[in-house]
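# Working through the structure, step by step
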Amino acid sequence: MSIDKDTAARVAKLARIRIEDEALPALAEEFNTILGFIEQLNEVDVDGVEPMTSVTPMRLPRRKDVVTDGNQQARVLSNAPDAREGFFAVPKVVE
Amino acid sequence: MSDLNTLTIAEARDKLRAKEITSLELTEACLTQIEASDALNAFVHNTPDLARDQAKAADTRLGEGDAPSMCGIPLGIKDLFCTKGVPSQAASAILAGFKPEYESTVSQNLFDAGSVMLGKLNMDEFAMGSSNETSTYGDAVNPWRRDNDDAALTPGGSSGGSASAVAADLCLAATGTDTGGSIRQPAAFVGITGIKPTYGRCSRWGVVAFASSLDQAGPMTKSVRDAAIMLEAMCGHDPKDSTSADLAVPNFEAMLTGDIKGKVIGIPKEYRMDGMPEEIEKLWANGTAMLKDAGAQIRDISLPHTKYALPAYYVIAPAEASSNLARYDGVRYGHRAKLEHGDGITEMYEKTRAEGFGPEVQRRVMIGTYVLSAGFYDAYYNRARKVRTLIKQDFETVFAQGVDAILTPATPSAAFGLGDMSDADPVQMYLNDVFTVTVNLAGLPGITVPAGIDKQGLPLGLQLIGQPWEEGDLLNTAYALEAAAGFVAKPAKWW
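Residues numbered from 1 in each chain as written. Chains lettered and ligands numbered in written order. Predicted model: local features only at pLDDT ≥ 70, side-chain atom pairs only at ≥ 80, totals over all residues.

### A short note on the overall build of chain A
Within chain A one finds 3 helices and 2 strands. Here chain A has a C-alpha radius of gyration of 22 Å; the compact-globule value for 95 residues is 12 Å, and the former is much larger. Overall, chain A is about 55 × 45 × 25 Å in size when its C-alpha atoms are taken along their principal axes. Counting over 95 residues, chain A shows a buried share of 15%. (Helix = DSSP H or I, 4+ residues; strand = E, 2+ residues; numbered from the N terminus. Rg over C-alpha atoms; globule rule 2.2 N^0.38 Å. Buried ≥ 20, exposed ≤ 12 C-beta atoms within 10 Å, placed from the backbone.)

### With respect to the sheet that holds strand β9 (residues 405-409) of chain B
Across a sheet, paired strands are connected by hydrogen bonds in the backbone, their directions being either parallel or antiparallel. Residues and elements named next belong to chain B. What the 11 strands build is an open sheet, ordered β1-β3-β2-β4-β6-β5-β10-β11-β9-β7-β8; its pairing is mixed. Both outer strands of the open sheet, β1 (43-46) and β8 (297-301), are each paired with one neighbouring strand and no more. Recorded for the sheet is a direction-independent mean angle of 30° between the axes of neighbouring strands. When strand β5 (residues 193-196) meets strand β10 (residues 446-453), the two strands line up antiparallel, connected through 3 bridges. Residue pairing in the sheet places Gly-194 in a bridge with Thr-448 of β10. Most of the contacts of helix α3 (residues 48-63) go to strand β3 (residues 116-121), to which it runs at about 155°, and overall it touches β1, β2 (74-78) and β3. (Pairing = 2+ DSSP bridges. Axes fitted to C-alpha atoms, helices over the stretch in contact; angles between N-to-C directions. Contact = placed C-beta atoms within 7 Å.)

### Observations concerning helix α10 (residues 345-356) of chain B
Across its 12 residues, α10(B) extends 16 Å between first and last C-alpha, which sits within 8% of the 16 Å expected from 1.5 Å per residue. Listed as buried for α10(B) are B:Met348, B:Tyr349, B:Glu350, B:Lys351, B:Thr352, B:Arg353 and B:Gly356. (Expected span 1.5 Å × (residues − 1).)

### Overview of unusual backbone geometry
Following B:Gly157, the chain continues into B:Ser158 via a peptide bond in cis, with omega recorded as 10°. When you line up the elements, B:Ser158 lands in the loop between β3 and α5 (160-167). At A:Asn71, a residue that is not glycine, the phi angle is positive and equals roughly 55°. Assignment of secondary structure puts A:Asn71 in the loop between α2 (24-38) and α3 (73-77).

### Points about helix α8 (residues 278-293) of chain B
All names here are of chain B. Here α8 spans 22 Å end to end across 16 residues, near enough to the 22 Å set by a 1.5 Å rise per residue. Buried within α8 we find Ile-280, Leu-283, Trp-284, Gly-287, Met-290 and Leu-291. Looking straight down α8, one finds that the buried residues subtend no more than 120° of arc, so they occupy a single side. Seen from the buried face of α8, the exposed residues on the opposite side, beyond 90 degrees, are Glu-278, Ala-285, Ala-289 and Asp-293. (Arc of directions from axis to C-beta.)

### Details of the interface of chain B and chain A
The interface of chain B with chain A comprises 56 residues on the first partner and 36 residues on the second. Broken down by secondary-structure element, the contributors of at least two residues to the side of chain B that touches chain A are α9 (309-324), α10, α11 (359-372), α12 (377-400) and α13 (426-430) of chain B. Ranked by residues supplied to the side of chain B that touches chain A, first place goes to α12(B) with 11 residues. Of the residues contributing to the side of chain B that touches chain A, the split by class is 28 nonpolar, 13 polar and 15 charged. (Nonpolar A, V, L, I, M, F, W, Y, C, P; charged D, E, K, R; others polar.)

### Description of the nonpolar core
With 169 residues, the main nonpolar core has B:Leu75, B:Cys171, B:Ala312, B:Val315, B:Leu475 and B:Leu481 as its most contacted residues. Among the elements that take part in this core, α9(B) stands out by supplying 10 residues, more than any other. Leave out the neighbours within four places in its chain, and B:Ala312 touches A:Leu41, B:Ala384, B:Val387, B:Arg388, B:Ile391 and B:Leu441. (Core = buried A, V, L, I, M, F, W, Y, C linked by C-beta atoms within 7 Å.)

### Looking at the packing of α2(A) against α9(B)
At their nearest, the axes of α2(A) and α9(B) sit 8 Å apart, and the two run at 125° to each other. Between α2(A) and α9(B), the angle falls in the class oblique. Counted together, A:Ile34, A:Phe37 and A:Ile38 of α2(A) and B:Pro311, B:Tyr314 and B:Val315 of α9(B) form the full contact between these two elements. Of the residues in the contact of α2(A) with α9(B), the class split is 6 nonpolar, no polar and no charged. (Parallel < 35°, antiparallel > 145°, perpendicular 65-115°, else oblique.)

### Remarks on the pairing of strand β11 (residues 459-466) of chain B
Residues and elements named next belong to chain B. Burial analysis of β11 places 8 of its 8 residues in the buried class, which makes it a mostly covered element. The alternating pattern of β11 places Pro-459, Gly-461, Gln-463 and Ile-465 on one face and Leu-460, Leu-462, Leu-464 and Gly-466 on the opposite face, and all of these are buried. With 5 bridges joining them, β9 and β11 adopt antiparallel strand pairing. The residue of β11 that forms the bridge with Thr-408 is Gln-463. As defined by bridge partners, β10 adjoins β11 across 7 bridges and the pair is classed as antiparallel. Within β11, the position partnered with Thr-448 by the bridge is Gln-463. Where β10 folds back on β11, the antiparallel hairpin that results is connected by 5 residues, among which Gly-457 adopts a positive phi of roughly 90°.

Set out below in structure tokens:
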């Protein structure tokens, strides 16, 4: 399978990473190299094999559905690039 | 007393307990070395004030008696660990300025045991790399050089700063993390010991996530005994990590008897790669002979799906990374791009991530996005997870046949020059992890031990792979190998 410039642009869009148009052909080529390497997996007979979900046989633990912490608004916001009036601030989302 | 920084953890512990030295003296010795080591670019955020405070507290505790083995031991902490109030950037520009409001469980466990943090250590950005060349801080440099050649070499990656700092005696030991070989490959490149424990031994809480089903923390140390001591302090059940194992942590150091009589060591034929350098082949044969001489039984084994481990890894790890790194959106922490008039939230995400992530991280996030996207999920991601099941079964089969541990080379070569791979395609760099990545996919413990010097004067390592949760037994086999190999070389100081 070969990735073209348009597919590379679509993937970049999905990943929310801005890629300039002129960088797309080189990026597509890199993807093709990596995917070419990954294609080896097609040689393996995986019929009837379960995809791995957990590397160690374990059941995910459950906990009670209760509040375990809170009341730390200042700490939550302390690293925000833009925090105002106790909220994270972002560009206008809704017109 | 001079040269305190060159002590092992075990030596320092004994001297601290005997009141021959204080933790403050030990800490000052390391801080002095760190100040004079800019050329290595190993430490990237220094915390001398915190270190002195912790050292004084450790000395008080030691004075009261009954202090744990790690009490008063000065360490370097990989930048991937969140450390409260101290920059924790995962070597990425996107986390510039980030100071966590919390402490990772592993670093907290070490602090609870009385350890001292000297500072944060360089690494590949988000632990994605095998040469420490993707870091926003610049390359970390290997203290080793080839004979009669002052070309700068890579300390490996992603825990390159940890490797460099321990090998150069800037600290007594360091934390590392290992997703595909990021503890074991750099340890081999600088002639030190590094262990990745069984998946679930060390809590991942507070460790910046790369590929959550593969990531494990572990110690990087000057000896196998030190690895045993430090690993015990790092691990333990943590309810804050849902994959943390609720198992008792053994006294690993007490299991170091050096007696491996009757142990069955598997030699996997699939690890004999085409074009493997003769020196690596010879090192492996020597290691096999050493274990045999120590009384182990050597058995040829087959792990038939080995060849598919790297391609499976380069589906699974980027897929998980693309999901984990979605959180870097310029809203809650770290970098946010300057926006132009009229830019909306999508432009904010796209510009922030383009500016904040380096090329290798961008590449992996996009590969991960692609293999998870509609129409390709089954062909790539599910297929890779099935292959992962087969890789794990390979190991289960040989362990069920009585194999106690598996001996392999740690890396396909000695440390290479910084910049040497800059023209190679990304897959060439990925091949560095060819011997280590199977272990992460199968969730097993793996350790590398320095075992020889190549003809250019650089260290080479061997890897031992153990059964799940049998770190104690694995460390003991490594201890026997270490004793037989007798590796004592140190890099000549040039920095």
